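# Analysis of the macromolecular model
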Amino acid sequence: MLTAVVTGCNSGIGHEFAKVLLKEGYFVYAVDVNAGETLFSLSGPNCQVGRLDVASIESIQEFKLAFGDTKLNVLLNVAGVMPNKASDTLNGLTLDMVNTAFTINTFGPFFLTQALLPNIMHASGPRHIAVVSSRVGSIADNTSGGLYAYRASKTAVNSFFKNMSVELKDQNIVVSMLHPGFTKTGLDADVWNMKEAVGPEEAATKLWNVLKSKQIEDTGRFWHREGNELPW
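Presented here is an overview of the structure given in this document. Just so it is clear, the structure is predicted and the values come from calculations on it, not from any experiment.

### Some details on the packing of aromatic side chains
Scanning the model with the defined rule gives nine aromatic pairs in all. Where F102 meets F107, the ring centres are 6.0 Å apart and the plane angle is 50 degrees; that geometry is what we call tilted. Between F110 and F160, the ring centres sit 4.9 Å apart and the planes meet at 35 degrees, which makes this aromatic pair tilted. Here F110 is found in helix 4 (residues 95-121), whereas its partner F160 is found in helix 5 (residues 148-168), with 50 residues between them in sequence. Here F160 falls in the partly exposed class, since its relative accessible area comes to 29%. Each residue in the set F102, F107, F110, F111 and F160 is aromatic and connected to the rest through ring pairs, giving one cluster. For the cation-ring pair, K214 lies above W223, with the distance from its terminal atom to the ring centre recorded as 3.7 Å.

Structure representation (structure tokens):
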């Protein structure tokens, strides 16, 4: 049976990603910093749930120790945070806001991937590493400004994973950066009032359809949930 690790599974896109993968026949390790009722609702014969704080190197190391030598086909780094938009501005930005955004959105996905890379390298069949980024991380596409900490943390995670894709290409491991579009989650309350916003189930399903269609020649690219490539 193919295996997957998905972060951010107590809510939103991460939770729906886990459900999609279970339907696809994967054994899913679903984790979140908040081990709540929503997370435990995923628990079953083909889903092991648990707590993982991607902001903590110690938590990542503990998860790796428990995961052992399990072979891993798909790693989906979904967990993320958005600072308060009213403060994430030219005049309101603080070092604490930057540190929090980068620790969770950038460093967490990288160091979890680093820890689990041996498990991915030893797996047979499809092997895919992905991170849920955001279009606001695109420098070329930035016409609105603002969101300093959030935007920069997503630009940085794109750089980390693009770099990773170059080094892992010869290992036939596909690395993808994903943009879910406006999605009705707890990340940004304003999104719920947008006509173009979709539910997390639609976002996760479309992102998975994009992800599973990608081969090694597509590695290191940045994808919208609708399948079009985004600029850096």
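### Re the environment of G227
By the secondary structure assignment, G227 is in the segment after strand 7 (221-224). Assessed through its relative accessible area of 31%, G227 is described here as partly exposed. Taking C-alpha positions, G227 is 29 Å from N84, a pair spaced 143 residues apart along the chain.

### Describing the nonpolar core
One finds F17, A30 and L76 to be the most contacted residues of the largest nonpolar core, which totals 29 residues. Residue assignment for this core shows that the elements contributing at least two residues are strand 1 (3-6), helix 1 (12-23), strand 2 (27-32), strand 3 (47-51), strand 4 (74-77), strand 5 (128-132) and helix 6 (200-212). Ranked by the residues each element gives to this core, the list is headed by helix 6, at six residues. Residue contacts for A30: discarding those within four places in its chain leaves V6, C9, A18, L39, L42, C47, Q48, V49 and G50.

Conventions and cut-offs
Residues numbered from 1 in each chain as written. Predicted model: local features only at pLDDT ≥ 70, side-chain atom pairs only at ≥ 80, totals over all residues. Heavy atoms only, no water. Phe/Tyr/Trp six-rings, centres within 6.5 Å; stacked < 30°, edge-to-face > 60°. Helix = DSSP H or I, 4+ residues; strand = E, 2+ residues; numbered from the N terminus. Buried < 20%, exposed > 50% of the residue type's maximum accessible area, 1.4 Å probe, protein only. Lys NZ or Arg CZ within 6 Å of the ring centre and 35° of its normal. Core = buried A, V, L, I, M, F, W, Y, C linked by side-chain atoms within 4.5 Å. Contact = heavy atoms within 4.5 Å.

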